[in-house]
Amino acid sequence: MTSGAVWKIPEPQSVYDVRHDDGSLTRVRRHGIPEGRRLIVGHGNGLAVDLYYPFWSRFTEDFDVFVYDLRNHGWNSIGPRNAHNIPNLIQDQEDVVEAITARYGRTRSVGVFHSLSALTALLSGSLGTGRTGDLSAWILFDPPLFRPRLAEEETDEAADRLAEIARRRMDRFREAGELAELFHHLLLTRAVPGAAELMARTVLRESPDGQGLELRCPRDYEAQIFAYARTYAFLVDLGDLPCPTKVIGSDPTMSFAYLPTFNLSHMNTVDYDFIPESTHFLQIEQPEECVQLVCRFLEDHRLL
């Protein structure tokens with residue numbers, strides 16, 4: 001890709017609306033080849049799964065790829081703020097996996113989740129082999145885990161800072177280029193060419209009043225998750241994982257702009273790697289390296 005790269009996301013093969021108990025909908029899109037190994041791809045807080053296209057597009061020639069957005073993100077409509085919480089996000093994710101199985105048939109499936117969707121998978125009581133059997137393995141990118149003891153204060157301060165930044169950020173723009181410029185200089189300095197423009201296109205939608213663009217995930221909703229997710233991270237037990245799990249982190253030696261990366265190299269229960277010189281946006285900074293680690297893990301577990 002050149003510096004003027006434009007990432008064009010193809011039309012999905014199908015779109016399936018998963019209805020949740022509270023009436024909200026999650027729009028699941030299918031890409032790739034139906035006969036390939038099934039991958040289910042989720043994203044992080046305030047983002048959209050189409051932003052990860054430089055990463056998941058590399059699987060579409062050989063895999064059956066399902067992508068979806070969290071509630072109040074991406075392709076999904078905006079619902080009430082009081083329903084935008086971690087328990088509902090956990091239930092939504094379980095519903096999505098179950099609905100894909102019901103509609104497209106049962107097969108060995110792999111969850112590929114980043115950040116918030118990785119945390120909700122870890123908190124789920126029904127995902128993974130040994131529970132429902134709907135997911136044969138998890139691949140978790142930079143999950144926002146709680147760092148114990150000496151790093152507790154650092155983690156709390158980072159979460160508070162992110163929540164405050166989200167509450168105060170601009171939420172309306174005349175054109176996507178305004179936000180792309182901010183992303184390019186503030187968040188995506190290491191990303192593949194064209195990533196900032198892709199991010200702006202995937203996190204903005206037309207304002208209902210026709211006056212420019214607004215964030216697809218309202219800033220107060222994003223801040224609400226930042227403020228409370230750390231409480232739920234206490235509940236994650238990495239010693240009791242329901243299926244083979246790969247954790248791929250950002251570089252723990254680098255200064256962080258999101259939450260501190262949890263280095264899991266000391267844990268025997270987790271297959272852990274990190275991508276050197278990467279940040280929380282590692283999948284759009286070094287997508288090829290991320291894909292290689294995913295495929296190596298799948299091969300090791302006979303899931304290719």
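Heads up: the structure comes first, above all this text.
Residues numbered from 1 in each chain as written. Predicted model: local features only at pLDDT ≥ 70, side-chain atom pairs only at ≥ 80, totals over all residues. Heavy atoms only, no water.

### Description of the nonpolar core
At step 1: By size, the foremost hydrophobic cluster in this structure holds 47 residues, and its most contacted members are Phe55, Trp56, Ile139, Phe141, Leu188 and Leu298.
At step 2: Apart from the residues within four sequence positions on either side, tryptophan 56 is in contact with Ile9, His31, Val41, Val49, Asp50, Val65 and Val67.
At step 3: Counting 35 residues, the second largest nonpolar core, distinct from the first, contains Leu70, Leu89, Phe113 and Val270. (Core = buried A, V, L, I, M, F, W, Y, C linked by side-chain atoms within 4.5 Å. Buried < 20%, exposed > 50% of the residue type's maximum accessible area, 1.4 Å probe, protein only. Contact = heavy atoms within 4.5 Å.)

### Examining helix α2 (residues 86-104)
At step 1: Look at α2: 27 Å from first C-alpha to last across 19 residues, which is about the 27 Å you get at 1.5 Å a residue.
At step 2: When we look at burial in α2, the residues that qualify are Ile86, Leu89, Ile90, Asp92, Gln93, Glu94, Asp95, Val96, Val97, Ala99, Ile100 and Thr101.
At step 3: Immediately downstream of α2, the backbone of glycine 105 shows phi near 100 degrees, a positive value. (Helix = DSSP H or I, 4+ residues; strand = E, 2+ residues; numbered from the N terminus. Expected span 1.5 Å × (residues − 1).)

### A word on a nonpolar patch on the surface
At step 1: On the surface, a nonpolar cluster with roughly 260 Å² of combined accessible area is contributed by Leu182, Leu186 and Leu187.
At step 2: Within the secondary structure, leucine 186 is located in helix α5 (residues 176-186).
At step 3: With relative accessibility at 64%, the residue leucine 186 sits in the exposed group. (Patch = residues over 30% accessible without salt bridge, like charges linked within 9 Å, V, L, I, M, F, W, Y side chains within 5 Å. Areas by Shrake-Rupley, 256 points an atom, 1.4 Å probe, with all protein chains shown as cover. Salt bridge = Lys/Arg side-chain N within 4 Å of Asp/Glu carboxyl O.)

### Focus: the environment of aspartate 50
At step 1: With respect to the secondary-structure elements, aspartate 50 resides in the loop between β3 (37-42) and α1 (53-56).
At step 2: By relative accessible area, aspartate 50 is classed as buried at 9%.
At step 3: When the C-alpha atoms of aspartate 50 and isoleucine 9 are compared, they prove to be 7.4 Å apart, with 41 residues separating the residues in sequence.

### Quick word on the pattern of salt bridges
At step 1: Under the definition given, this model contains ten salt bridges.
At step 2: Between aspartate 273 and lysine 246 there is a salt bridge, with its nearest N and O atoms 2.4 Å apart. Highlighted residues: aspartate 273 in strand β11 (residues 271-274) and lysine 246 in strand β10 (residues 245-249), separated in sequence by 27 residues.
At step 3: Given a relative accessible area of 28%, aspartate 273 falls into the partly exposed group.
At step 4: By relative accessible area, lysine 246 is classed as buried at 4%.
At step 5: A cluster of three or more residues bridged by salt bridges with shared partners is formed by Asp22, Arg71 and Asp92.

### Focus: the packing of α2 against helix α7 (residues 219-233)
When two helices pack together, their arrangement is given by the angle between the helix axes and the distance between those axes.
At step 1: At a minimum axis separation of 10 Å, α2 and α7 run at an interaxial angle of 75 degrees. When the axes of α2 and α7 are compared, the pair comes out roughly perpendicular. On α7, the residues touching Ile86, Pro87 and Leu89 of α2 are Ile225, Ala229 and Tyr232.
At step 2: Its residues assigned to classes, the contact of α2 with α7 comprises six nonpolar, no polar and no charged. (Axes fitted to C-alpha atoms, helices over the stretch in contact; angles between N-to-C directions. Parallel < 35°, antiparallel > 145°, perpendicular 65-115°, else oblique. Nonpolar A, V, L, I, M, F, W, Y, C, P; charged D, E, K, R; others polar.)

### Some words on the environment of histidine 114
At step 1: Inspection of the secondary structure assignment puts histidine 114 in strand β5 (residues 109-114).
At step 2: Along the chain, histidine 114 and phenylalanine 141 lie 27 residues apart, while their C-alpha atoms are 4.5 Å from each other.
At step 3: Discounting residues that sit within four places of it in the chain, histidine 114 has contacts with Gly42, His43, Gly44, Tyr52, Phe141, Asp142, His280, Leu282 and Gln283.
At step 4: Engagement of the side chain of histidine 114 in a polar contact is seen with the backbone oxygen of histidine 280, the distance being 2.9 Å. (Polar contact = N/O pair within 3.5 Å; in protein donor to acceptor, adjacent residues only side chain to side chain.)

### Let's talk about the side chain of serine 278
At step 1: Residue placement: serine 278 occurs in the loop between β11 and α8 (282-285).
At step 2: In this structure, serine 278 is in contact with Gly249, Ser250, Asp251, Met254, Glu285 and Gln286, ignoring residues within four places of it in sequence.

### Some words on the packing of aromatic side chains
At step 1: Per the stated rule, a full pass over the model turns up eight aromatic pairs.
At step 2: With a centroid separation of 6.3 Å and an interplanar angle of 80 degrees, the aromatic rings of tryptophan 7 and tyrosine 53 are classed as edge-to-face. Here the residue tryptophan 7 occupies a position in the segment before β1 (14-19), and tyrosine 53 occupies one in helix α1, the gap between them amounting to 46 residues.
At step 3: Judged by relative accessible area, tyrosine 53 falls into the buried class, the value being 14%.
At step 4: Here the aromatic cluster, defined as three or more aromatic residues joined through ring pairs, consists of Phe55, Phe59, Phe63 and Phe141.
At step 5: For arginine 29, the ring lying beneath its charged end belongs to tryptophan 75, and the centroid distance is 4.2 Å. (Phe/Tyr/Trp six-rings, centres within 6.5 Å; stacked < 30°, edge-to-face > 60°. Lys NZ or Arg CZ within 6 Å of the ring centre and 35° of its normal.)

All we've got here are geometric facts, nothing functional implied.
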